[in-house]
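Overview (structure and organization)
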Amino acid sequence: MLTQEKKLLLIGQVTDISKIPIRTIRYYESLGLIKSSRRTEGGFRQFSLDVLTRLAFIKRSQNLGLSLEEIGNILQLYDQGQAPCDEIQDKLEEKLLQIDRQIDQLLTLRSEIKGLLSGWKNIGGQHEDTICPIIQNTSTARQN
């Protein structure tokens, strides 16, 4: 029994090792992303060592742009004994397409802003019916 207790970590120990705040660990537990093994008589959560691997996976997945919902679905597959790598590959390919779209949108916006700034000196004085003619100039502003 004593050796089994040594394998369990209190939430503060998990925080110290993983560098993930206690509030975040509790939140992940509330979402079902991690599970405490049991509680002490005093009600403190105890976690098995595998929670550290799971937390590292969650953080890495978040850094790659996956949402907690997506991560939860992946972990659910894993918990059911299925290899989630195909699901992860699909999600990362989707993220790559999203990033490419965002890059295209940012390049378009960059070009538009450069065009507006290049015409900055060509704009005359303040007009009564405009806040800033650079943005409101209908010949250079994009119509939505």
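Small disclaimer: the values here were computed from a predicted structure and weren't measured.

1. Concerning the sheet that holds strand 3 (residues 45-48)
Taken in spatial order, the three strands of this open sheet run 1-3-2, and their pairing is antiparallel. In the strand order of this sheet, the two ends are held by strand 1 (8-10) and strand 2 (38-39), each with one partner. With two bridges joining them, strand 2 and strand 3 adopt antiparallel strand pairing. Looking at the pairing, Arg38 lines up with Gln46 of strand 3. Contacting strand 1 and strand 3, helix 2 (residues 11-18) crosses the sheet at an angle of about 90 degrees to strand 1.

2. A closer look at the confidence of the model for the chain
Close inspection of predicted coordinates is inappropriate for parts of the model with low pLDDT. Mean pLDDT over the chain: 87, with 86% of residues reaching 70 or higher. At the low end of the mean pLDDT range in the chain sits helix 1 (residues 2-6), at 49; at the high end sits helix 4 (residues 50-63), at 97. Here residues 1-5 is modelled with pLDDT under 50, and outside its nearest four sequence neighbours on either side it reaches two contacts, counting other chains as well.

3. Some words on unusual backbone geometry
If you check the backbone angles, Lys19 has positive phi at about 65 degrees while not being a glycine. Tracing the backbone shows Lys19 in the loop between helix 2 and helix 3 (22-31). Lys19 sits in the exposed class, given a relative accessible area of 68%.

Rules of the game
Residues numbered from 1 in each chain as written. Predicted model: local features only at pLDDT ≥ 70, side-chain atom pairs only at ≥ 80, totals over all residues. Heavy atoms only, no water. Pairing = 2+ DSSP bridges. Helix = DSSP H or I, 4+ residues; strand = E, 2+ residues; numbered from the N terminus. Contact = heavy atoms within 4.5 Å. Axes fitted to C-alpha atoms, helices over the stretch in contact; angles between N-to-C directions. pLDDT = per-residue confidence, 0-100. Buried < 20%, exposed > 50% of the residue type's maximum accessible area, 1.4 Å probe, protein only.

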